[in-house]
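Survey of secondary and tertiary structure
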Amino acid sequence: QVQLVESGGGSVQSGGSLRLSCAASGYDYRTYCMGWFRQAPGKEREGVAAITSGGSTSYADSVKGRFTISQDNAKNTLYLHLSSLKPEETAMYYCATGGRIPCELPSMEVGDFRYWGKGTEVTVSS
């Protein structure tokens, strides 16, 4: 069984930064594709960033240049660094693993991933 636990969310001002963490455990937790999604109230869950086991990364156009996805294998942790945050990016952020190829934005979808965390809330104020 794979278990994912997100942390690091909180409230920041517009233009601020946060680092989200996703602690992983269980066999096969480090599959070919891991990713981050977000879901704002009243909106669909959307892909934000993805990373392969080989370290290749992909981002949604809206966050390119501002967000960075990374892994620390020694700590079994996935990260998402968010910078220059905008109020419209207020959402629950989820990490996921077990994604299928090609592990790229914008094509990756919720249904492509097998395991999910419960999310961490990010609030960006004006």
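Data block above holds the structure.
Given the structure is predicted, the values throughout are model-derived calculations rather than measurements.

**Re the pairing of strand 11 (residues 120-125)**
- A one-sided burial pattern is seen for strand 11, the buried positions being Thr120, Val122 and Val124 and the unburied ones Glu121, Thr123 and Ser125.
- Here 4 bridges tie strand 2 (residues 10-13) to strand 11, and the two strands are oriented parallel to one another. Bridging across to strand 11, Gln13 finds its partner in Ser125.
- In this sheet, strand 11 lies alongside strand 9 (residues 91-99) in antiparallel orientation, the contact comprising 3 bridges. Bridge pairing in strand 11 places Tyr93 opposite Thr120.

**Considering unusual backbone geometry**
- A cis amide bond links Ile101 to the next residue, Pro102, at an omega of 10°.
- If you trace the backbone, Pro102 turns up in the loop between strand 9 and strand 10 (115-116).
- Residue Pro106 is reached from Leu105 by a cis peptide bond, and omega for that bond is 5°.
- Assignment of secondary structure puts Pro106 in the loop between strand 9 and strand 10.
- Positive phi is not limited to glycine here, since Ser84 has a value of about 50°.
- Tracing the sequence through the fold places Ser84 in the loop between strand 8 (77-82) and strand 9.

**A look at the sheet that holds strand 1 (residues 3-7)**
- The strand order 1-3-8-7 describes an open sheet built from 4 strands, whose pairing is antiparallel. Pairing within the sheet leaves two strands with one partner each, and these edge strands are strand 1 and strand 7 (67-72). Adjacent strand axes in the sheet meet at a mean angle of 15° when their direction is disregarded.
- Bridge count for strand 7 against strand 8 is 6 bridges, and the pairing is antiparallel. Paired with Asp72 across the strands is Thr77, a residue of strand 8.

**Considerations on the nonpolar core**
- Among the nonpolar cores identified, the biggest contains 35 residues, and Trp36, Phe67, Ile69, Leu78, Leu80 and Tyr93 are the most heavily contacted of them.
- Secondary-structure elements contributing two or more residues to this core are strand 3 (18-25), strand 4 (33-39), strand 5 (46-52), strand 7, strand 8, strand 9 and strand 11.
- Each residue touching Ile69, except ones within four places of it in the same chain, is listed here: Met34, Gly35, Trp36, Ala49, Ala50, Ile51, Thr57, Tyr59, Leu78, Tyr79 and Leu80.

**So, the packing of aromatic side chains**
- Evaluated as defined, the whole model comprises 3 aromatic pairs.
- Aromatic pair Phe37 and Trp116: ring centres 4.9 Å apart, planes at 55°, arrangement tilted. You can see Phe37 sitting in strand 4 and its partner Trp116 sitting in strand 10, a full 79 residues away along the chain.
- The class for Trp116 is partly exposed, based on a relative accessible area of 24%.
- Put simply, the rings of Phe37, Phe113 and Trp116 touch in pairs and so form one group of aromatic residues.
- Geometry around Tyr94 places Arg45 over its ring, the cationic atom sitting 3.7 Å from the centre.
- In this structure, Arg45 packs its charged tip against the face of Trp116, placed 5.1 Å from the ring centre.

**Considering the state of the cysteines**
- Scanning the entire structure with this criterion turns up 2 disulfides.
- A disulfide bridge connects Cys22 with Cys95, and the sulfur atoms are separated by 2.0 Å. Looking along the S-S bond of the Cys22-Cys95 disulfide, the torsion reads about 55°, which is the right-handed sense. Here Cys22, found in strand 3, pairs with Cys95, found in strand 9; they are 73 residues apart in sequence, far enough to count as distant. Of the two residues examined, Cys22 and Cys95, each falls in the buried class.
- Here Cys33 pairs with Cys103 through a disulfide, and the sulfurs are 2.1 Å apart. Linking Cys33 and Cys103, the disulfide has an S-S dihedral of approximately 80° and is accordingly described as right-handed. Residue Cys33 is located in strand 4, and its partner Cys103 is located in the loop between strand 9 and strand 10; the two are separated by 70 residues in the primary sequence.
- Judged by relative accessible area, which is 0%, Cys33 ranks as buried.
- Look at Cys103 and you get buried, because its relative accessible area is 4%.

Parameters at a glance
Residues numbered from 1 in each chain as written. Predicted model: local features only at pLDDT ≥ 70, side-chain atom pairs only at ≥ 80, totals over all residues. Heavy atoms only, no water. Buried < 20%, exposed > 50% of the residue type's maximum accessible area, 1.4 Å probe, protein only. Helix = DSSP H or I, 4+ residues; strand = E, 2+ residues; numbered from the N terminus. Pairing = 2+ DSSP bridges. Axes fitted to C-alpha atoms, helices over the stretch in contact; angles between N-to-C directions. Core = buried A, V, L, I, M, F, W, Y, C linked by side-chain atoms within 4.5 Å. Contact = heavy atoms within 4.5 Å. Phe/Tyr/Trp six-rings, centres within 6.5 Å; stacked < 30°, edge-to-face > 60°. Lys NZ or Arg CZ within 6 Å of the ring centre and 35° of its normal. Disulfide = S-S within 2.5 Å.

In short, the description is geometric, and any link to function would need to be established separately.
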